[in-house]
Protein chains: 2
Amino acid sequence: MSTAFAEKCRKVVCIGRNYFDHVLELNNAKPTAPFFFLKPPSSMLLPGKGPILAPTGVNCHYEVELALVFEKTMKDYEYKGKDEKAALSECVDYISGYTVAIDMTGRNVQDEIKKKGLPWTTAKGFDTFLPISHFIPKSAVPDPSDVTLFLTVNNQKPYNQHDSTNLMMFKIPELLSAISSVMTIEAGDIVLTGTPKGVGSVKPGDHIDAGLEVDGKVVEQSKISVDVAEKGGIYVFGK
Amino acid sequence: MSTAFAEKCRKVVCIGRNYFDHVLELNNAKPTAPFFFLKPPSSMLLPGKGPILAPTGVNCHYEVELALVFEKTMKDYEYKGKDEKAALSECVDYISGYTVAIDMTGRNVQDEIKKKGLPWTTAKGFDTFLPISHFIPKSAVPDPSDVTLFLTVNNQKPYNQHDSTNLMMFKIPELLSAISSVMTIEAGDIVLTGTPKGVGSVKPGDHIDAGLEVDGKVVEQSKISVDVAEKGGIYVFGK
Ligand SMILES: [Mg+2]
Ligand SMILES: [Mg+2]
Ligand SMILES: [Mg+2]
């Protein structure tokens, strides 16, 4: 199992609000087109390198997501007028494989930022706010448009998050068209495709398990198992 | 002259609203603490590699800025209680040098994003939206807290932007403390420190010259000379 892909990454692009029930649970407006933000590569947390560090005063939410690891340059990708399966297969040609990612989010930080019309960067960009799994080869994911993401806090059953990627409102080709019409996706870049419903808070002392199921079986390389601890340091939310 | 630093960069962190007269000219709220956003490395435009590409329907604004190029890891940097000069000198120890950067901004895209509380990423992240100069060694910039930035469109005199970095509301140590308390600044990362007043639009056919003056003399490595052209492609603002 490998995490070498993480070192080659210069840009992590994340899609927001791409699962309808997740839009509802946060009382957000349903987007009419895909939108996205960046997480810094410095926020990545490799498997076994935990814990997730919760900054003082920050309400830390988990969001499990399927992520694409690029190996070819994509620019101005056009999906319109194409057959859905053919377009997906074209997109898969640009990637080397997948990773499962947890898009950790300071929800109260984000709420304040949104009200003020400020950038999301702080809410999304704290160190350790992007736990990822090992590299998942394409062969382990026969159809990225129908695999099941799961996440559980402290081994809760039923899982906190447990949904198929077939619930995405905007499908992978449309997501990649939206991103690559603005910014070139380069080899090594990682694209997170949004989170299904069930997001919630974790606090120091909690433990998160997450991953991907294909045909009801957990993909070995996709497993994330990570603790949450206090960050300490000088950041205090609201100060 | 060298641009090798650009290839090592994995994160470009940009400070917003750090010059009072610039806050006023855009009718923005004056920040009570530094805030920042990310530009993707894919937006960098190296010297001589122009033009800047204006996406269809986008009001493209220039913002000339002093940028710091890091060579050491900075995390949780504390400036409080320190003498201003001593703190600045500590910060300069973390960097290898400087570059002049133009933080190109889709102003109408940003206005819409701000209203909706969405991420600034698209407004700031288009390909070619980060023209940079060659690497500027520390020796050419005796005091980064008092050098003069300039930018002129189509050789306009007086310059469109022409102000000293001594007008920053939050000084370099406070900026770096704010960033590094959230996200580790890694070797190769670039930090833009905000733009002085005088920002405005450019359109295809325009030409921008920008750079840095020390004691009234333009620093050779700091010069940016770049045309603006149409981007084309599939992005259309408002569609
Ligand atoms: Mg997310
Ligand atoms: Mg952002
Ligand atoms: Mg700026």
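So, a few notes on the structure that sits alongside this text. These numbers were taken from a predicted model, which means no experiment stands behind them.

Quick notes on the overall build of chain A
The helix and strand inventory of chain A stands at six helices and 17 strands. Over its C-alpha trace chain A gives a radius of gyration of 17 Å, about what one expects of a compact globule, namely 18 Å for 239 residues. Projected onto the principal axes, the alpha-carbon positions of chain A cover approximately 50 × 40 × 35 Å. The 239 residues of chain A split such that 59% are buried. The contacts of chain A with a sequence gap of at least 6 include a subset with a gap of at least 24, amounting to 81%. In chain A, 26 side chains carry a positive charge and 29 a negative one; their mean positions are 4 Å apart.

Here we look at the coordination of the magnesium ion (ligand 1)
Taken together, Glu63(A) (OE), Glu65(A) (OE) and Asp103(A) (OD) make up the full set of protein donors to the magnesium ion (ligand 1), lying 2.0 to 2.1 Å away. For the magnesium ion (ligand 1), all donor residues lie on one chain, and their spacing in sequence is E-x1-E-x37-D.

Comments concerning the coordination of the magnesium ion (ligand 3)
On the protein side, the magnesium ion (ligand 3) has Glu63(B) (OE), Glu65(B) (OE) and Asp103(B) (OD) as donor atoms, found 2.0 to 2.1 Å from it. Classification of Glu63(B) as buried rests on a relative accessible area of 5%.

Re the interface of chain A and chain B
In this assembly, 39 residues from chain A lie in contact with 39 residues from chain B. Together chain A and chain B conceal approximately 3,200 Å² of surface at their shared face, both sides included; 59% is due to carbon and sulfur atoms. Counting the surface chain A buries against chain B, the share from its top three residues, Arg10(A), Val182(A) and Ile234(A), is 21%. At the boundary of chain A with chain B, the tally comes to two salt bridges. As a salt-bridge pair, Asp127(B) and Lys75(A) come within 4.0 Å of each other at their nearest N and O atoms. For the pair chain A and chain B, the number of links is 14 residue pairs in polar contact (both at pLDDT 80 or more). Where the side of chain A that touches chain B is concerned, the elements lending two or more residues are helix 1 (4-8), strand 2 (35-39) and helix 5 (121-125) of chain A. Counting residues per element, the side of chain A that touches chain B draws most heavily on strand 2 of chain A, which supplies five residues.

Some thoughts on the environment of Ser222(A)
Residue and element names in this part refer to chain A. With respect to the helices and strands, Ser 222 occurs in the loop between strand 16 (217-218) and strand 17 (224-230). Taking the relative accessible area as the measure of exposure, Ser 222 reaches 0% and is therefore buried. C-alpha of Ser 222 to C-alpha of Ala 210: the two residues are twelve residues apart in sequence and 7.8 Å apart in space. Ser 222 has contacts with Val 100, Ser 133, Ile 136, Ala 210, Gly 211 and Leu 212, leaving out every residue within four places of it along the chain. Here the side chain of Ser 222 touches Leu 212 through a polar contact of 3.0 Å, landing on its backbone nitrogen.

Examining the pattern of salt bridges
All names here are of chain A. Summed over all chains, the structure comprises 22 salt bridges over all chains. In this structure, Asp 163 engages Lys 197 in a salt bridge whose closest nitrogen and oxygen atoms are separated by 2.8 Å. Here the residue Asp 163 occupies a position in strand 12 (residues 161-164), and Lys 197 occupies one in the loop between strand 13 (190-192) and strand 14 (200-202), the gap between them amounting to 34 residues. Note on Lys 197: relative accessible area 34%, which makes it partly exposed. Here the salt bridges share partners, and the residues they tie into one network are Lys 39, Glu 63, Asp 103, Arg 107 and Lys 124.

Some remarks on the pairing of strand 2 of chain A
Residues and elements named next belong to chain A. Strand 2 sits mainly inside the fold: five of its five residues count as buried. A two-sided burial pattern is seen for strand 2, the buried positions comprising Phe 35, Phe 37 and Lys 39 on one face and Phe 36 and Leu 38 on the other. Note: strand 1 (residues 12-16) against strand 2, five bridges, orientation antiparallel. Along strand 2, the bridge assignment pairs Gly 16 with Phe 35.

Observations regarding helix 4 (residues 107-116) of chain A
All names here are of chain A. Residues of helix 4 that are buried: Arg 107, Val 109, Gln 110, Ile 113 and Lys 114. Around the axis of helix 4, the buried residues are gathered within 150° of arc, so they sit on the same side. Turned more than 90 degrees away from the buried face of helix 4 sit Lys 115 and Lys 116, all of them exposed. The inward-facing, buried residues of helix 4 abut helix 2 (20-25), strand 5 (60-62), strand 8 (105-106) and helix 5. At the C-terminal side of helix 4, Gly 117 shows a positive phi close to 70°.

Thresholds applied
Residues numbered from 1 in each chain as written. Chains lettered and ligands numbered in written order. Predicted model: local features only at pLDDT ≥ 70, side-chain atom pairs only at ≥ 80, totals over all residues. Heavy atoms only, no water. Helix = DSSP H or I, 4+ residues; strand = E, 2+ residues; numbered from the N terminus. Rg over C-alpha atoms; globule rule 2.2 N^0.38 Å. Buried < 20%, exposed > 50% of the residue type's maximum accessible area, 1.4 Å probe, protein only. Contact = heavy atoms within 4.5 Å. Lys, Arg positive; Asp, Glu negative; His and termini not counted. Charge placed at Lys NZ, Arg CZ, Asp CG, Glu CD. Donors = N, O, S within 2.8 Å, 3.2 Å for Na, K, Ca; no water. Buried area = accessible area lost by both parts, 1.4 Å probe. Salt bridge = Lys/Arg side-chain N within 4 Å of Asp/Glu carboxyl O. Polar contact = N/O pair within 3.5 Å; in protein donor to acceptor, adjacent residues only side chain to side chain. Pairing = 2+ DSSP bridges. Arc of directions from axis to C-beta.

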